[in-house]
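Summary of the model geometry
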Amino acid sequence: MMRDFDAVVFDMDGVIFDSERAVLECWLELADKYAIPNIMEPYLACTGTTMARTREIMMETYGPDFPYDEYAAEASAMFHERYDDGRLPMKRGVRELLEYLKSHGKRIALASSTRRQTVVNQLRDAKILDYFDEVVTGDMVERSKPEPDIFLLACEKVGVAPARAYAIEDSYNGIRAAHSGKLRPIMVPDLLPADAEMKELAEVVLEDLEAVLAYLL
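A brief structural summary. (Residues numbered from 1 in each chain as written. Predicted model: local features only at pLDDT ≥ 70, side-chain atom pairs only at ≥ 80, totals over all residues. Heavy atoms only, no water.)

Concerning the environment of alanine 196
Operational definition: For the purposes of this entry, the term helix denotes a DSSP run of H or I that reaches at least four residues, the term strand denotes a run of E that reaches at least two, and both are numbered from the N terminus.
Tracing the sequence through the fold places alanine 196 in helix 9 (residues 196-201). For the pair alanine 196 and aspartate 125, spaced 71 residues apart in the sequence, the C-alpha separation amounts to 37 Å.

Written out as structure tokens, the structure is:
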């Protein structure tokens, strides 16, 4: 028997696309090229946050003279050269889960901290944009994850109470945001495993979207 819910709100990076790992590879190459120490720690701290917050974290880590904007532009160019035009790898089970939700009349929203044009382009290139009833992005809210604003706006736009919506997230900040907004968080870990806090905040921790589909059935 299917679980009782009205909507699913997806994060994008690390949930729908294997993009967190793809971006990390670009930054690891830059770290090697420019001798940037310990890039993994601040990079992981940036998962699930906006571009503005990412910049703050990097500047806090490396100091006011760190040429973040130049490095970020170079990393972005590397990423787009490799993954634009539908080449960004999609996580296993994405299309099957979306198809199931759509065919059963569930509302489907996206809540991504990434800027809108990037989100729309990537969903469109992967030919899955039409599954989403609403797309809410980081530039549409004042406060980024771990604040709940983006999830609350997504629920408002699809006309569903937060308590009637699942949120699928991979990042700690995403799970914190969904829990704070009173949605039902499902964690599908990507670069970081579920720690004790995540296991407490999430309704369930599952290994991939195929397991999410099985859980919702």
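Next comes the rest of the account.
Concerning the packing of aromatic side chains
The line we're drawing: Two rings from Phe, Tyr or Trp (for Trp, the six-membered ring) form a pair when their centres are within 6.5 Å of each other. A pair whose planes differ by under 30 degrees is stacked, one over 60 is edge-to-face, and the rest are tilted. Burial status follows relative accessibility: with a 1.4 Å probe on protein chains alone, a residue under 20% of its type maximum counts as buried, one over 50% as exposed, and anything between as partly exposed.
For the structure shown, the criterion picks out 8 aromatic pairs. Judged by centre distance (5.3 Å) and plane angle (75 degrees), the ring pair of phenylalanine 5 and tyrosine 166 falls under edge-to-face. Separated by 161 residues along the polypeptide, phenylalanine 5 in the segment before strand 1 (7-10) and tyrosine 166 in strand 4 (residues 165-169) bring together distant segments of the chain. Of the two residues, phenylalanine 5 and tyrosine 166, neither departs from the other in class, the shared state being buried. With a centroid separation of 4.7 Å and 25 degrees between ring planes, the pair formed by tyrosine 34 and tyrosine 71 is classed as stacked. One end of the pair, tyrosine 34, is in helix 1 (residues 19-34); the other, tyrosine 71, is in helix 4 (residues 68-83), and 37 residues separate them in sequence. Taken together through their ring pairs, the aromatic side chains of Tyr34, Tyr62, Phe66 and Tyr71 make up a single cluster.

Brief notes about helix 6 (residues 116-125)
Each α-helix turn comprises 3.6 residues. Residues three or four places apart therefore point the same way. Short version of the rule: Whether two residues are in contact is decided by their heavy atoms: any pair within 4.5 Å suffices.
Within the sequence span of helix 6, burial applies to Thr118, Val119, Val120, Gln122 and Leu123. Residues of helix 6 that are buried in the fold lie against helix 4, strand 2 (107-112) and strand 3 (134-137). Positive backbone phi, approximately 65 degrees, marks lysine 127, located one or two places after helix 6.

Describing the pairing of strand 3
Note the following rule: Note: two strands are recorded as paired if DSSP finds a minimum of 2 bridges between them.
Note that strand 2 and strand 3 share 4 bridges and pair parallel. Within the sheet, the bridge partner assigned to alanine 111 lies in strand 3 and is valine 136.

Describing the packing of helix 1 against helix 4
Put simply, the rule reads: Axis angles are defined between N-to-C directions and span 0 to 180 degrees, where every axis is a line fitted to C-alpha atoms and, for a helix, only to the segment in contact. Roughly parallel here means an angle under 35 degrees, roughly antiparallel means over 145, roughly perpendicular means 65 to 115, and every remaining angle is called oblique. Working rule for handedness: look at the near helix, and if it is turned counterclockwise from the far one by less than a right angle, call the crossing left-handed; if clockwise, right-handed. Lys, Arg, Asp and Glu make up the charged group, whereas Ala, Val, Leu, Ile, Met, Phe, Trp, Tyr, Cys and Pro make up the nonpolar group; the residues left over, Gly among them, are polar.
Where helix 1 meets helix 4, the axes come as close as 9 Å, and the angle between the chain directions of the two elements is 130 degrees. It follows from the interaxial angle that helix 1 and helix 4 lie oblique. Two packed elements cross with a definite hand, and for helix 1 against helix 4 that hand is right-handed. Between helix 1 and helix 4, the contacting residues are Ser19, Ala22, Val23, Glu25, Cys26, Trp27, Glu29, Leu30, Lys33 and Tyr34 on the first element and Tyr68, Tyr71, Ala72, Glu74, Ala75, Met78, Phe79, Arg82 and Tyr83 on the second. A per-class count over the contact of helix 1 with helix 4 returns 13 nonpolar, 1 polar and 5 charged.

Thoughts on the pattern of salt bridges
Rules: Only one rule defines a salt bridge in this text: a Lys or Arg side-chain nitrogen within 4 Å of an Asp or Glu carboxyl oxygen.
Going through the model one piece at a time under the given rule, you end up with 22 salt bridges. We note a salt bridge from lysine 102 to aspartate 133, for which the minimum N-O separation is 3.4 Å. Taken together, the positions of lysine 102 in helix 5 (residues 94-103) and aspartate 133 in the loop between helix 6 and strand 3 put the pair 31 residues apart, joining distant regions of the chain. Among the residues examined, aspartate 133 registers a relative accessible area of 26% and is labelled partly exposed. Residue arginine 176 is joined to glutamate 197 by a salt bridge in which the shortest nitrogen-to-oxygen separation is 2.9 Å. A residue pair is termed long-range when its members are at least 10 positions apart, and arginine 176 in helix 8 (residues 172-180) and glutamate 197 in helix 9 qualify at 21 residues. Judged by its relative accessible area of 32%, glutamate 197 falls in the partly exposed class.

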